[in-house]
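Examining the three-dimensional arrangement
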Amino acid sequence: MAERHRSKDGKRETEDYLDDAATPRHHGRAQGNLERKVGTRDMLKRATQDRPGATRVRKSDEKTGKAS
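Residues numbered from 1 in each chain as written. Predicted model: local features only at pLDDT ≥ 70, side-chain atom pairs only at ≥ 80, totals over all residues. Heavy atoms only, no water.

Turning to helix α2 (residues 34–48), a few remarks are in order. Under the 1.5 Å per step criterion, the end-to-end length of α2 is 22 Å for 15 residues, consistent within 8% with the ideal 21 Å. Every buried residue of α2 is listed here: Leu34, Lys37, Val38, Arg41 and Asp42. Considered in projection along α2, the buried side chains sweep an arc of 130 degrees and stay on one side of the axis. Turned more than 90 degrees from where α2 packs its buried face, Glu35, Arg36, Met43, Leu44 and Ala47 sit exposed. (Helix = DSSP H or I, 4+ residues; strand = E, 2+ residues; numbered from the N terminus. Expected span 1.5 Å × (residues − 1). Buried < 20%, exposed > 50% of the residue type's maximum accessible area, 1.4 Å probe, protein only. Arc of directions from axis to C-beta.)

Attention now moves to the side chain of Asp61. In this structure, Asp61 sits in the segment after α2. At a separation of 2.9 Å, a polar atom in the side chain of Asp61 contacts the side chain of Arg41. Contact partners of Asp61, with chain neighbours within four places excluded, come to Leu34, Lys37, Val38, Arg41 and Arg56. (Polar contact = N/O pair within 3.5 Å; in protein donor to acceptor, adjacent residues only side chain to side chain. Contact = heavy atoms within 4.5 Å.)

In structure tokens, the structure reads:
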């Protein structure tokens, strides 16, 4: 890991690079159902298959406003 050197004059340079903008509270997932959809599909897959493997997000899961 790189060595970190403290300033001899006591100045905090990090504050020069940060702005005062608030961070967003929501992260842009439509309806928040993505995890639920993938989790339901994973449970069904594990119940019906001997060696189910990984369950991944599909492009059809990411369609906004569509519930299947």
